[in-house]
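In case you want the letters, here they are:
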Amino acid sequence: MAHVSDLIASDIDTYLAQHETKSLLRFITCGSVDDGKSTVIGRLLFESKMLFEDQLAAIEADSKKWGTQGGDIDFALLVDGLAAEREQGITIDVAYRFFSTDRRKFIVADTPGHEQYTRNMITGASTADLAVILIDARKGVLTQTRRHSYLVSLIGIKKVVLAINKMDLVDYSQKEYDRIVAEYRAFAEQIGLTDIQAIPLSALRGDNMTEASPNTRWYHGPTLMEYLETVDIDESRLQAEPFRMPVQWVNRPNLDFRGFCGFIASGSIKPGDRIRAQPSGRESRVKAIVTPAGDQPLAVAGQSVTLTLEDEIDISRGDVISAATAPAEVADQFEATIVWMIDEPLLPGRPYLLKIGTQTVSATVAEPKYKVNVNTMEHLAAKVLQVNEIGVCNIALDRAIAFDAYTANRDTGGFILIDRLTNNTVGAGMLHFALRRSQNVHLQPVDVDKAARGAQKGQRPGVVWLTGLSGAGKSTIANIVEKKLHAMGRHTYLLDGDNVRHGLNKDLGFTEADRVENVRRVAEVSKLMVDAGLIVITAFISPFRAERQMARSLLAADEFIEVHVDTPLAVAETRDVKGLYAKARRGELRNFTGIDSPYEAPEQPELRVDTTKDSAEEAADLVIARMRDMGLIG
C-alpha cells in the first residue's frame, strides 16, 4: 500500500508516474532487545497513513490482547507478526515493510535484537543503504548495540541514524542524550562509522518521529522521517564502478540466439563495449542488450538484462562478465571475515559450500587468525568460531572464481557458507583480498599420471574407506583385506588410525576440530597414494559424514568404496580391547566417540558389514567381493 495522495482519486496515471520515479531507500532497524525497533516502524506506518481502517481496528484489538501499553495502541504489533514475538514482546524473525511518502519509497527491515538472532540481522542488513540503530535512553550503549554496529560496519553500510528512543522515560534529558551520543561516537570511530545522525525519540509518544517535539526544544536537527526522506543515496556510485554482471542463466532458445542473463551488480554497459568472461579470461564485445521492452542502448547497475556477444565464447552460470579494461580479480584462496551463524562451531578443515553471486564452489576454512571482541575491538586467539562470533580466516576453494574486495563491491565480494549435508546457511562472509600463494603457486604438469602408474602395476587404483566405532573391528578387517590383496599381487597400502597418529598426525588431539583435521590429512594422503597407482585401505573411526564426503570428493566416483563396519555401541564396548571405553566411562578420556562425542553413521555406504553376524574373515571377503563388483579389482 502507498501513502494517501489526492492524486489517487483525481489523476491516478500522474500519481503512478510520480510513484515509479521516486527513489527507494532500504534501511534496517537494529539494537538491543526491547529498544523499540518495532514500535518505531509501527509509528512510521501509522504517521504515514499507511494503515487501512480495518488494520487500525485490528491493531487496537490486538493491543488489548497482546499489547504492553495499557489502553494505548501498541505500534510494535504492526510488525511483530509471530505469536512468539507477541507473547515475549521481542522480535525474532526479520520483518520487511514497504511504505512511501511524497518524496521517497522505503523498504524497512525490522531485525531482531536478541543475541541468538544476530544471524537474522545479517540477513536484513545485506541489502540496506542505511541503518537505524536504536538505543534505550535508560540503558545507553549495550553489548548488542556494539555488536550490531560492528556488523553494520562489516556489511558496508555507511550511513547510520542513532535513534535515542524512550526519551520520555528519562524526562527528555539533554544530558543523558549527549552522554549516550558521545559514548557511541567514540566507539563508532573505532569501527569506521563516521556518517552518524543522532535523533532523540519517543516512538511511543511520537516525539521527533514526523514532527519536531516541544519536549526536546534543545534539539535542532531533523525528525526521523525528515532525515529518511532527504538523506542522500549514492545511486550513481555503483554505476560509476567497473562493470560486473554475474551470469544467472545462459539463454539458448534456438540455434540462432545465445544470451547471458543476469543482474548488473555495478557499472554500465552498452553495445560495442569490450568485456571479459571470468574466470576464463576470454574477451569479446557486447552485440546487444536485450530486455522485455526490446533492445536497449545502455544498461546500468540495478537492472536485469540479457547480453549477446559478437563472439562465441564459453560462459556458464556462475561466471562473471566484467569490463575488459577493469576486470575483477581471479583467485582460489582468500582472507575473509566470517560471521558464524549456527550453534555447531566452524571447524577448520571441514568442507563447506561457498556461494558468491551465482557461483557455488567447495570451500575449506583454515583455523581462524583471530576472532573479534566486539566490545573492545580486541583480536583474540581462536581455534574455532562459535555461534555469533566474528573472525578472520583464510579460505581455500576447489576452483578459481572472479571476485572483488567486499569494500569495493558488496555483490562480488560477499558470500555465504552452506553445510554440504543439510544445505543450511551456516555463515556469512566478506572477502578481503586474494592470498599471494593463490597467484604464485600452480600445479606442475607431469607426464607420468595416475593411469600410467596404475597400468604399470596392472591395477586400478582406489580407496577402501572403513568407518565405524572404536572396537568395531575396522583394523582387523582392513589388515585381512590387505593380506588378501597382497596375495593376489595387488599393490596396496594400509592407513590405520592409530598408526597415523604416531607420525603424520601426532600433533592432533581428539576435539571435533582435530578430528576433522585428522581425516582431512588422511584423505589428502590417500589421494596422493591413489595418484601413485596404489589401492589404499583406510581404517579410521572418521565419525563425521562431512569429512567422509570430503574424502570421497577428492577422488573419481568409481575410486572410492565406503565400508560401514556396523557394530552396536554395546557390543563394541564389551570388546574394549584397548580399555578406552572404560576410561571414557570414568571420565578419564574426553571426546570419545559413542560416549561424549557423536558418530554419524553412513547413510548410503557402498557396503555395510555386521560384525555381530560376520567374522572378520567373512567381512573381508565381502569387501573383496564389493571391490570386484565395482571393477576395482578383476
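Residues numbered from 1 in each chain as written. Predicted model: local features only at pLDDT ≥ 70, side-chain atom pairs only at ≥ 80, totals over all residues. Heavy atoms only, no water.

(A) Molecular detail of the overall build of the protein chain. Scanning the protein chain for helices and strands turns up 20 helices and 28 strands. Buried positions account for 51% of the 634 residues belonging to the protein chain. Expressed as a percentage of contacts within the protein chain between residues at least 6 apart in sequence, the contacts between residues at least 24 apart total 72%. Element-wise, carbon and sulfur atoms account for 49% of the exposed surface of the protein chain, whose accessible area totals about 29,100 Å². (Helix = DSSP H or I, 4+ residues; strand = E, 2+ residues; numbered from the N terminus. Buried < 20%, exposed > 50% of the residue type's maximum accessible area, 1.4 Å probe, protein only. Contact = heavy atoms within 4.5 Å. Areas by Shrake-Rupley, 256 points an atom, 1.4 Å probe, with all protein chains shown as cover.)

(B) Looking closely at the packing of aromatic side chains. Under the defined criterion, the tally for this structure stands at nine aromatic pairs. Ring centres 6.3 Å apart and planes at 85° place the aromatic pair F27 and F106 in the edge-to-face group. Of this pair, F27 sits in strand β1 (residues 23-31) while F106 sits in strand β3 (residues 104-110), and the two are 79 residues apart along the sequence. The same class applies to F27 and to F106, which are both buried. Among the aromatic residues, those joined into a cluster by ring pairs are F27, F99 and F106. One cation-aromatic arrangement involves R146 over F187; the distance from NZ or CZ to the ring centre is 5.0 Å. (Phe/Tyr/Trp six-rings, centres within 6.5 Å; stacked < 30°, edge-to-face > 60°. Lys NZ or Arg CZ within 6 Å of the ring centre and 35° of its normal.)

(C) Local environment of the environment of F403. With respect to the helices and strands, the residue F403 is situated in strand β21 (residues 390-403). Classification of F403 as buried rests on a relative accessible area of 0%. The spatial distance from the C-alpha of F403 to the C-alpha of V320 is 8.4 Å, given a sequence separation of 83 residues. Beyond its immediate chain neighbours, meaning those up to four positions away, F403 contacts A328, E329, V330, A331, F334, I356, T412, L431, F433 and A434.

(D) Looking closely at the pattern of salt bridges. Enumeration over the complete set of coordinates arrives at 32 salt bridges. With a closest N to O distance of 3.0 Å, D558 and R460 form a salt bridge. Remark: R460 occurs in the loop between α13 (450-457) and β24 (462-467) and D558 occurs in the loop between α17 (545-553) and β27 (560-566); sequence separation between them is 98 residues. Each member of the salt-bridge network shares a partner with another, and the members are R146, E176, R179 and E183. (Salt bridge = Lys/Arg side-chain N within 4 Å of Asp/Glu carboxyl O.)

(E) Quick peek at the nonpolar core. Membership of the largest hydrophobic core comes to 67 residues, with the highest contact counts inside it found for F27, I28, V152 and Y184. Judged by nonpolar contacts, the second largest core, of 29 residues, contains A363, L385, F415 and A434. (Core = buried A, V, L, I, M, F, W, Y, C linked by side-chain atoms within 4.5 Å.)

(F) Spatial organisation of the confidence of the model for the protein chain. For the protein chain, the average pLDDT comes to 86, and 86% of its residues sit at 70 or higher. Scored below 50 in pLDDT, residues 81-92 makes 28 contacts in the model with residues more than four places away or belonging to other chains. (pLDDT = per-residue confidence, 0-100.)

(G) Focus on the packing of helix α7 (residues 143-155) against helix α8 (residues 174-190). Between α7 and α8, whose axes approach to 11 Å, the crossing angle comes to 40°. What the angle tells us is that α7 and α8 run oblique. Judged by the sense of rotation from one axis to the other, the crossing of α7 with α8 is right-handed. Packed against α7, whose contacting residues are T145, R146 and S149, the element α8 presents E183, Y184 and F187 at the interface. Of the residues belonging to the contact of α7 with α8, the class tally is two nonpolar, two polar and two charged. (Axes fitted to C-alpha atoms, helices over the stretch in contact; angles between N-to-C directions. Parallel < 35°, antiparallel > 145°, perpendicular 65-115°, else oblique. Left-handed = near helix turned anticlockwise from the far one by under 90°. Nonpolar A, V, L, I, M, F, W, Y, C, P; charged D, E, K, R; others polar.)

(H) Spotlight on helix α3 (residues 37-47). Most of α3 is tucked away: nine of the eleven residues are buried. On its buried face, α3 is in contact with β1, β2 (95-100), β3, β4 (130-136), β5 (159-165) and α9 (224-230).

(I) Looking closely at the pairing of strand β14 (residues 304-309). For β14, the tally of buried residues reaches five of six residues, placing the bulk of the element in the interior. Direction of pairing for strand β8 (residues 257-263) relative to β14: antiparallel, over a ladder of four bridges. Directly across from G262, in β14, lies its bridge partner V305. Here four bridges tie strand β11 (residues 283-291) to β14, and the two strands are oriented antiparallel to one another. Within β14, the position partnered with V290 by the bridge is T306. (Pairing = 2+ DSSP bridges.)

(J) The sheet that holds strand β28 (residues 607-610), seen in detail. Read from one edge to the other, the open sheet built from five strands follows the order β25-β26-β24-β27-β28, with strand pairing classed as parallel. Taken across any chain shown, the strands that pair with only one partner, and hence form the sheet edges, are β25 (492-496) and β28. Neighbour-to-neighbour, the strand axes of the sheet open up by a mean angle of 15°, direction not taken into account. Taken together, the four bridges between β27 and β28 define a ladder with parallel strand orientation. Across the sheet, residue D566 finds its bridge partner in β28, namely D610. Running at roughly 165° to strand β26 (residues 535-539), helix α14 (residues 474-487) makes contact with β24, β25, β26, β27 and β28 of the sheet. Those strands touched by helix α16 (residues 512-531) are β24, β25 and β26, and its axis lies near 150° from that of β24.

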